[in-house]
Amino acid sequence: MLLDSRAAARGALAVPNDFGVHGGMDHDARRGLSLVAPPAVYTLALLVAPLGAVLAFSFFTQDYLTLDTTPTLANYREAFAEPLYMRLLLRSLLIAGAATAATVVLAFPIAYFVSFHVSPDRKALWLFLITIPFWTSYLLRVFLWKVILGFNGVLNSGLMGAGIIEQPLTFILYNANAVVITLAHAFAPFAILPIFVSLEKIDRPLLEASRDLGEGRVVTFLRVTLPLAMPGVVAATLIVFIPTIGDYVTPRLVGGPDGLMIANMIQTQFLKLNNAPMGAALSVISMAAVTVISLAFVALNWRFLRGAR
């Protein structure tokens, strides 16, 4: 009798935790963990581990075949002291920014047209047509732009045949302009789709209310449609800006000496100069610059939306 009463008292004083009785996980917790575990392992193996390896390598030094694993900041000091590296990074930021701006500005009218002026039963068809560029290789699309923008390419031949110009245009190939044009075309679907999704979420009665209050189409767009579509614009901007600054294929094929970007230097350090630590340091600096700019853009957009309310 005494033993039974003591056992009952201990059971009454026991406090169950979030994982179930006696510290074990219940069925729902185990099921949730089993669902989360594979993506977590996948992320750690393919994202965190490579980034960690790049970060670790950036503190090493290498003399061709000899890798010195002694931690040092020599690579970062060299990266900031060498004008070529900083010039390439600045050029990359400017090219990526210009390509992002051109892509988003051209993508917004397309997304707006599909969302507001295409019947619901045909929107799927339009979205299907927008994704057609993904059917072909990215490398093939870059080569096609090289053919279009070339000295004797389609654009110059057409303009000269029409009598609009007498000499071929030389500022549209093998420079930063060609890189911006090619990147804007290549990443256009990435900008159209998120903007379209944001426009689809806008309640149409809000636009009708604005019109009923006497506002015109332009004011309604600036004060209602655009602020409500800003989440899609922000997403499109980040989706385009982040990968374009790391593109090295497009600058190599259509950029020429004046269109090369920091990614081309990183490729050279890894593959041609056999200096992985220096390439890793440049990669870390590029990622840090992109992170700072992206966070600043998101913060400014948040303040804009907050002020619009």
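Every value quoted in this text rests on a predicted model; they were computed, and no experiment measured them. (Residues numbered from 1 in each chain as written. Predicted model: local features only at pLDDT ≥ 70, side-chain atom pairs only at ≥ 80, totals over all residues. Heavy atoms only, no water.)

Side chains of F113, L125, W126, F128, L129, I132, F134, W135, F190 and I239 sit close together on the surface and give an oily, nonpolar patch of about 920 Å² of accessible area. Of the residues examined, I239 reaches a relative accessible area of 36% and is grouped as partly exposed. (Patch = residues over 30% accessible without salt bridge, like charges linked within 9 Å, V, L, I, M, F, W, Y side chains within 5 Å. Areas by Shrake-Rupley, 256 points an atom, 1.4 Å probe, with all protein chains shown as cover. Salt bridge = Lys/Arg side-chain N within 4 Å of Asp/Glu carboxyl O. Buried < 20%, exposed > 50% of the residue type's maximum accessible area, 1.4 Å probe, protein only.)

This paragraph deals with the confidence of the model for the protein. Confidence along the protein averages 86 in pLDDT terms, with 90% of residues attaining 70 or more. Taken as a whole, residues 5-9 scores under 50 in pLDDT and shows zero contacts with residues more than four places along the chain or in a different chain. Predicted confidence is poor over residues 11-23, with pLDDT under 50, and the contacts of this stretch with residues over four places away or in other chains come to four contacts. (pLDDT = per-residue confidence, 0-100. Contact = heavy atoms within 4.5 Å.)

All right, on to the packing of aromatic side chains then. Within a pair of aromatic rings, the relevant descriptors are the distance that separates the centres and the angle that separates the planes. For the structure shown, the criterion picks out nine aromatic pairs. On the numbers, 5.3 Å between centres and 65° between planes, the contact of F113 with W126 is edge-to-face. Residue F113 is located in helix α4 (residues 83-117), and its partner W126 is located in helix α5 (residues 120-130); the two are separated by 13 residues in the primary sequence. Judged by relative accessible area, F113 falls into the partly exposed class, the value being 37%. With 5.6 Å between their ring centres and 40° between their planes, F187 and F190 make a pair best called tilted. Taking relative accessible area as the criterion, F190 reaches 33% and is therefore assigned partly exposed. (Phe/Tyr/Trp six-rings, centres within 6.5 Å; stacked < 30°, edge-to-face > 60°. Helix = DSSP H or I, 4+ residues; strand = E, 2+ residues; numbered from the N terminus.)

We now examine the nonpolar core. Residues I195, L199 and V254 are the most contacted members of the largest nonpolar core, which totals 36 residues. Residues in contact with I195, not counting those within four places in the same chain, are V104, A107, F108, A111, G232, V233 and A236. (Core = buried A, V, L, I, M, F, W, Y, C linked by side-chain atoms within 4.5 Å.)

Turning next to the packing of helix α3 (residues 74-81) against α4. Where α3 contacts α4, the axes come no closer than 5 Å and their chain directions differ by 70°. Judged on the interaxial angle alone, α4 and α3 are roughly perpendicular. Of the residues in α4, those in contact with E78, A79, F80 and A81 of α3 are P83, Y85 and M86. For the contact of α3 with α4, a count of residues per class yields six nonpolar, no polar and one charged. (Axes fitted to C-alpha atoms, helices over the stretch in contact; angles between N-to-C directions. Parallel < 35°, antiparallel > 145°, perpendicular 65-115°, else oblique. Nonpolar A, V, L, I, M, F, W, Y, C, P; charged D, E, K, R; others polar.)

Let us now look at the pattern of salt bridges. Applying the stated rule across the entire model yields two salt bridges. The partner of K123 in a salt bridge is E200, with the nearest N and O atoms 2.9 Å apart. In this pair, K123 sits in helix α5 while E200 sits in helix α9 (residues 188-200), placing the two residues 77 residues apart along the sequence. In this structure, the salt-bridge partner of R204 is E200, at a minimum N-O distance of 3.7 Å. Using a relative accessible area of 26% as the deciding quantity, one classes R204 as partly exposed.

A separate point is helix α8 (residues 176-186). For α8, every residue scored as buried is listed here: A178, V179, V180, T182, L183, A184 and A186. Here the buried face of α8 lies against α4, α6 (138-149), α9, α11 (217-244) and α12 (249-255). Put simply, N175 is the residue that caps the front of α8, since its side-chain oxygen is 3.0 Å from the backbone nitrogen of N177. (Polar contact = N/O pair within 3.5 Å; in protein donor to acceptor, adjacent residues only side chain to side chain.)

As for its position among the elements, R211 is in helix α10 (residues 204-212). Excluding residues within four positions of it along the chain, R211 makes contact with G216, R217 and T220.

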